[in-house]
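Here is what each chain is made of, one letter per residue.
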Amino acid sequence: MSSFRGVLTAAVWLAALCPALGHAADAYPSRPIRMIVPFAPGGASDFVGRIIQPKMSELLGQQVVIDNRAGASGNIGVELTARAPADGYTMLLGNVGTMAINPGAFPTFPIKPTRDLIGITLLVDVPGAFAIHPSVPAKTVAEFVQYAKSRPGQLNYGSSGAVSAQRLAFEFFMTKTGIKLAHIPYKSGAGGATTGVLTGEVAATMVTVASFVSHHRSGKARVLAVIAPQRVEALPDVPTMIESGIPELTLGSWQGMFVPQGTPRPIVDQLYGVLMKTMNDPEVVRRLHAGGAEIVTSKSREEFAQFLKAQTAFWVKIMKDTGATPD
């Protein structure tokens, strides 16, 4: 009888302990978290990811590991994230191209960001930069236009893909100025286009300020204009495209964090809180500003969803107006 009571007492204690054990097993995060960057190193997404990674790791108490998955205009990384377990251990650093342009450019692509991913928050907006190889003897946008007009069909430009924001911006620029350059798309993203200018493989590109700040300062490339409403802190002596006579052209690479659809709300909320603290960290702010990035976080998931919807509609119209297709 006493033996039975002993077993019963043990069972009662075990039952009482089970909820606590369950909570311990479910503690998030309990292992490293993967941050997928859908482009090669060297572009704006990789730049932002590597700046926020250390602070996120510190706040989460687990290592955040960057996983560069370039290809298919960023769609490889997007699909990999959407098909990952919805457990908070896979995040995607999405941008304007992967989240707002690609859905209209690749209508048969099986992943739809608004359906298959949860947008946590906007993080930054990185202004665009119109950069050229130093062998092109132009010091201003106007001089570049004149140089291109005197050499019809002899110059080329690079972008991060056939229907990337960079390609669409350059198509608009050529229509506006009456010049024609050959298009060279880089599957590896903005990093490839940046390298193309540095090596002289292409004469020009429009990617991000972050991609060219150090190269402009070293003389390996020349930024003729920043594509932003006002001059940027990182390149104070470089005029805007508005100052250069093309006020209609805007280009920025906003970045935001996403997780697979179905990720539990408590985990999404926890990641939102961590990202808010990360984006307010003085060292993170300093490094992002030094690279020309502006911090623009969302007040809520719902606000971010509305922003994404508006951005998608905007870029669909640009593609229609320019006739750009995934050629």
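Keep in mind that this is a model prediction, so the values were computed, not measured. (Residues numbered from 1 in each chain as written. Predicted model: local features only at pLDDT ≥ 70, side-chain atom pairs only at ≥ 80, totals over all residues. Heavy atoms only, no water.)

Some thoughts on the overall build of the protein chain
Thinking step 1. Check the secondary structure of the protein chain and you find 12 helices and 10 strands.
Thinking step 2. By principal-axis analysis of the C-alpha atoms, the protein chain measures approximately 105 × 40 × 30 Å.
Thinking step 3. Within the protein chain, the fraction of its 327 residues that count as buried is 52%.
Thinking step 4. Of all intrachain contacts in the protein chain linking residues separated by at least 6 positions in sequence, the fraction that spans at least 24 positions is 77%.
Thinking step 5. For the protein chain, the exposed surface amounts to about 14600 Å²; the carbon and sulfur share of it is 58%.
Thinking step 6. Positive and negative charge centroids in the protein chain, built from 29 and 23 side chains respectively, lie 3 Å apart. (Helix = DSSP H or I, 4+ residues; strand = E, 2+ residues; numbered from the N terminus. Buried < 20%, exposed > 50% of the residue type's maximum accessible area, 1.4 Å probe, protein only. Contact = heavy atoms within 4.5 Å. Areas by Shrake-Rupley, 256 points an atom, 1.4 Å probe, with all protein chains shown as cover. Lys, Arg positive; Asp, Glu negative; His and termini not counted. Charge placed at Lys NZ, Arg CZ, Asp CG, Glu CD.)

As for the nonpolar core
The nonpolar side chains of soluble globular proteins are, as a tendency, buried together.
Thinking step 1. Residues Phe130, Phe144, Phe170, Phe173, Leu181, Met206 and Met241 are the most contacted members of the largest nonpolar core, which totals 50 residues.
Thinking step 2. Listed in part, the 32 residues of the second largest apolar core include Val64, Ile66, Met257 and Leu288. (Core = buried A, V, L, I, M, F, W, Y, C linked by side-chain atoms within 4.5 Å.)

So, the side chain of threonine 208
Thinking step 1. Examined against the element boundaries, threonine 208 turns out to sit in strand 7 (residues 204-208).
Thinking step 2. Ignoring any residue separated from it by four or fewer positions in sequence, one finds threonine 208 in contact with Ala44, Val126, Pro127, Gly128, Ala129 and Ser253.

Comments concerning the confidence of the model for the protein chain
Thinking step 1. On average, residues of the protein chain carry a pLDDT of 88, and 91% of them reach 70 or more.
Thinking step 2. Mean pLDDT values for the elements of the protein chain range from 44 in helix 1 (residues 2-26) up to 98 in strand 1 (residues 33-37).
Thinking step 3. Overall, residues 1-25 carries pLDDT values under 50, and its contacts beyond four positions in sequence, including any with other chains, amount to 0 contacts. (pLDDT = per-residue confidence, 0-100.)

Focus on the packing of helix 7 (residues 165-177) against helix 12 (residues 301-322)
Thinking step 1. At a minimum axis separation of 10 Å, helix 7 and helix 12 run at an interaxial angle of 45 degrees. Between helix 7 and helix 12, the angle falls in the class oblique. Considering only the axes of helix 7 and helix 12, their crossing is left-handed. Every residue of helix 12 that contacts helix 7 at Ala165, Leu168 and Glu171 is listed here: Trp315, Ile318, Met319 and Thr322. (Axes fitted to C-alpha atoms, helices over the stretch in contact; angles between N-to-C directions. Parallel < 35°, antiparallel > 145°, perpendicular 65-115°, else oblique. Left-handed = near helix turned anticlockwise from the far one by under 90°.)

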